[in-house]
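# Breakdown of the fold
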Amino acid sequence: MEITIKLGGPLRSKVQGHDHGEMTLNLPEGALVSEAILALGLDFDTVRVIMKNGRAIHSDELLHDGDRLG
């Protein structure tokens, strides 16, 4: 499945491969938000707020094709 990632301020310098803070990420079906964070090379101390499709969520939430994380 493919999701879109929108990186805020300081995270942009920690993640490579984005275009002005936005990128797509391919993950297996049934992946969790926490798996997306790890796939970006980030740790949970670095990521303070996670938004999925415009609402705040926890890292154990399930992702679906086409979701947007910020």
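What counts as what
Residues numbered from 1 in each chain as written. Predicted model: local features only at pLDDT ≥ 70, side-chain atom pairs only at ≥ 80, totals over all residues. Heavy atoms only, no water. Helix = DSSP H or I, 4+ residues; strand = E, 2+ residues; numbered from the N terminus. Buried < 20%, exposed > 50% of the residue type's maximum accessible area, 1.4 Å probe, protein only. Contact = heavy atoms within 4.5 Å. Pairing = 2+ DSSP bridges.

## Examining the environment of Ser34
Of note, Ser34 is situated in helix 1 (residues 33-39). On the accessibility criterion, Ser34 (16% relative accessible area) is buried. With 29 residues separating them along the chain, Ser34 and Leu63 place their C-alpha atoms 9.7 Å apart. Leaving out residues up to four positions away in the same chain, Ser34 has contacts with Phe44 and Ser59.

## As for the pairing of strand 1 (residues 2-6)
Inspection of the sheet shows strand 1 paired to strand 2 (residues 22-26) by five bridges, in the antiparallel sense. The partner of Ile5 across the bridge, within strand 2, is Met23. In this structure, strand 1 lies alongside strand 5 (residues 68-69), joined through two bridges in parallel fashion. If you follow Thr4 over to strand 5, its bridge partner there is Arg68.

Interpretation in functional terms is not warranted from these geometric data alone.
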